[in-house]
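So you can see what is in the structure, the chains are spelled out below.
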Amino acid sequence: MFKRQFARREAQLRRLCEEQLRGIEISDPYAVDEICRQLAVKRGRPLHLHELPETGGANAPCGMVLSFDHGDYVFHVAATSERHRAQIVRHELAHLLLGHAGNNESVRQVSTGSPA
């Protein structure tokens, strides 16, 4: 029974991902810059990649995504291999595709000092 439920959930997730990727032509799934460009076009706003500031903590995040009406921002750790950086960025892009980025209201308040 567990295997059947897992298989059903996996199939649902696969359909959702395929639906979200529709219209994005990815010739090389490892070409992060191309994926970012295609996703920016699909979402109708720029997508910016930035390095995270070095926090030095063992529990510090290695990636983060913020989404605003004027653009999406993907952050990744600087001190890592290119392969790991690409994996972090692809992970954060999946959050954008699946609508996990939220509205970032608290970030807006911190950055401007007042509610948006």
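Residues numbered from 1 in each chain as written. Predicted model: local features only at pLDDT ≥ 70, side-chain atom pairs only at ≥ 80, totals over all residues. Heavy atoms only, no water.

**Looking at the sheet that holds strand E3 (residues 71–76)**
The pairing of strands in a sheet happens through backbone hydrogen bonds and is either parallel or antiparallel.
For step 1, the next point in the chain: Spatially, three strands are ordered E1-E3-E2 in an open sheet, and the strand pairing comes out mixed. Looking at the sheet topology across the chains shown, the edges are occupied by strand E1 (47–51) and strand E2 (63–68). Each strand axis lies, on average, 15° off the axis of its neighbour in the sheet, ignoring direction.
For step 2, the next point in the chain: The pairing of E2 with E3 spans six bridges and is antiparallel. Bridging from a neighbouring strand, Leu66 pairs with Tyr73 of E3.
For step 3, the next point in the chain: Across the sheet, helix H2 (residues 32–43) touches E1, E2 and E3, and the angle it forms with E1 is around 140°.
For step 4, the next point in the chain: Sheet contacts for helix H3 (residues 82–97): E1, E2 and E3; angle to E3, the most-contacted strand, approximately 145°. (Pairing = 2+ DSSP bridges. Helix = DSSP H or I, 4+ residues; strand = E, 2+ residues; numbered from the N terminus. Axes fitted to C-alpha atoms, helices over the stretch in contact; angles between N-to-C directions. Contact = heavy atoms within 4.5 Å.)

**Structural notes on the packing of aromatic side chains**
For step 1, the next point in the chain: Applying the stated rule across the entire model yields one aromatic pair.
For step 2, the next point in the chain: Geometrically, the ring pair formed by Phe68 and Tyr73 is edge-to-face, given 6.1 Å between the ring centres and 70° between the ring planes.
For step 3, the next point in the chain: With a relative accessible area of 11%, Phe68 lands in the buried category. (Phe/Tyr/Trp six-rings, centres within 6.5 Å; stacked < 30°, edge-to-face > 60°. Buried < 20%, exposed > 50% of the residue type's maximum accessible area, 1.4 Å probe, protein only.)

**A few points about the side chain of Gln38**
For step 1, the next point in the chain: Secondary-structure assignment places Gln38 in helix H2.
For step 2, the next point in the chain: Not counting the four nearest positions on each side in its chain, Gln38 is found in contact with Gly23, Ile24 and Glu25.

**Digging into H3**
For step 1, the next point in the chain: The end-to-end C-alpha separation of H3 is 22 Å, in line with the 22 Å expected for 16 residues at 1.5 Å each.
For step 2, the next point in the chain: For H3, the set of buried residues is Arg85, Ala86, Ile88, Val89, Glu92, Leu93, Leu96 and Leu97.
For step 3, the next point in the chain: The first or second residue beyond H3 is Gly99, which carries a positive phi of 75°. (Expected span 1.5 Å × (residues − 1).)

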